[in-house]
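Chain by chain, the residues run as shown.
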Amino acid sequence: MSEWLQAYRENHADFDQPSAIGALPNNPFVAFSEWFDTAVTAKEREANACVLSTCGHDLQASSRVLYLKELLDNQFIFYTNYLSQKGQLLDTNPKASLLFFWPQLMRQVRIEGSVQQIDPAISDAYFASRPRESQLGAWASQQSETLSDRAALIARFEAFDRQFPDAVPRPPHWGGFALQPHYMEFWQGQPSRLHERRVYEFSQNEWTSKLLNP
Ligand SMILES: Cc1cc2nc3c(=O)[nH]c(=O)nc-3n(C[C@H](O)[C@H](O)[C@H](O)COP(=O)(O)O)c2cc1C
């Protein structure tokens, strides 16, 4: 071993003894929950923000940030406009990915799977819990469609405010999607630069896991 490498190893304990990936449980959903809770505790900003990537029949990938609402029955739940670009792409091709990046912790989680609309009753309950301005926004915004000018959006917001003076019902075009994963990958950056990756794959009715080269 060179003198340089010997000194480097002495200064980077994680070179020989990385910790985070080895400590992950065998259940990838428990693993995700542990890392998510750690991200919240570490005060990562917007810990529940993730990138949803979709791909239509033209094989053009498209990505956008959204909020993970919850992990429910081993499915990742997010809410959006079903008629939006992403909604239409998911109708076309329900295969999608979610990507979380927690920079303070130097962690990334990649999730891939298939997506379907959730039970409308669950969307109803969540919509009812949202602030009035969010509820009216869901009615007013024809998400991803051309907007002539901001005044047009405000006019629609005002119109729905008048239409629903009390409780605001859930718009039929707004609700949750559930991503059911078959692939989950955890990446831990290490000061030594020898980063760690562990992937979990669902096949033949069981999850298995292995390490990947970083
Ligand atoms: C931090 C952050 C959180 C967001 N959360 C959501 C969300 O939960 N649902 C949503 O539909 N859009 C959310 N957006 C907006 C999306 O990124 C996107 O602009 C919008 O959904 C339209 O995407 P589309 O045209 O691909 O359908 C969020 C954006 C940011 C930056």
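Residues numbered from 1 in each chain as written. Predicted model: local features only at pLDDT ≥ 70, side-chain atom pairs only at ≥ 80, totals over all residues. Heavy atoms only, no water.

Novice: If you had to explain the overall build of the protein to someone new, which residues and values would you point to?
Specialist: In terms of regular secondary structure, the protein is built from six helices and eight strands. Element order for the protein, N to C, with α for helix and β for strand: α-α-β-β-β-α-β-β-α-α-α-β-β-β. At 21 Å, the protein has a C-alpha radius of gyration far larger than the 17 Å of a compact globule built from 214 residues. Over its C-alpha atoms, taken along the principal directions, the protein stretches across nearly 75 × 40 × 35 Å. (Helix = DSSP H or I, 4+ residues; strand = E, 2+ residues; numbered from the N terminus. Rg over C-alpha atoms; globule rule 2.2 N^0.38 Å.)

Novice: With reference to specific residues and values, describe the packing of aromatic side chains.
Specialist: If you walk through the whole model with that rule in mind, you get 22 aromatic pairs. Between Phe 32 and Trp 102 the ring centres are 6.1 Å apart and the planes differ by 50°, which places this aromatic pair in the tilted class. With Phe 32 in helix H2 (residues 28-41) and Trp 102 in strand E4 (residues 95-102), this pair connects stretches of sequence that are 70 residues apart. When the ring of Tyr 79 is compared with that of Tyr 126, the centres are 4.3 Å apart and the planes differ by 40°; the resulting orientation is tilted. Placement of Tyr 79 in strand E3 (residues 75-81) and of Tyr 126 in helix H4 (residues 120-129) is noted, with a sequence separation of 47 residues between them. For Tyr 79, a relative accessible area of 12% corresponds to the buried category. Grouping aromatic residues by their ring pairs yields a cluster made of Phe 29, Phe 32, Phe 36, Phe 76, Phe 100, Trp 102, Phe 202 and Trp 207. (Phe/Tyr/Trp six-rings, centres within 6.5 Å; stacked < 30°, edge-to-face > 60°. Buried < 20%, exposed > 50% of the residue type's maximum accessible area, 1.4 Å probe, protein only.)

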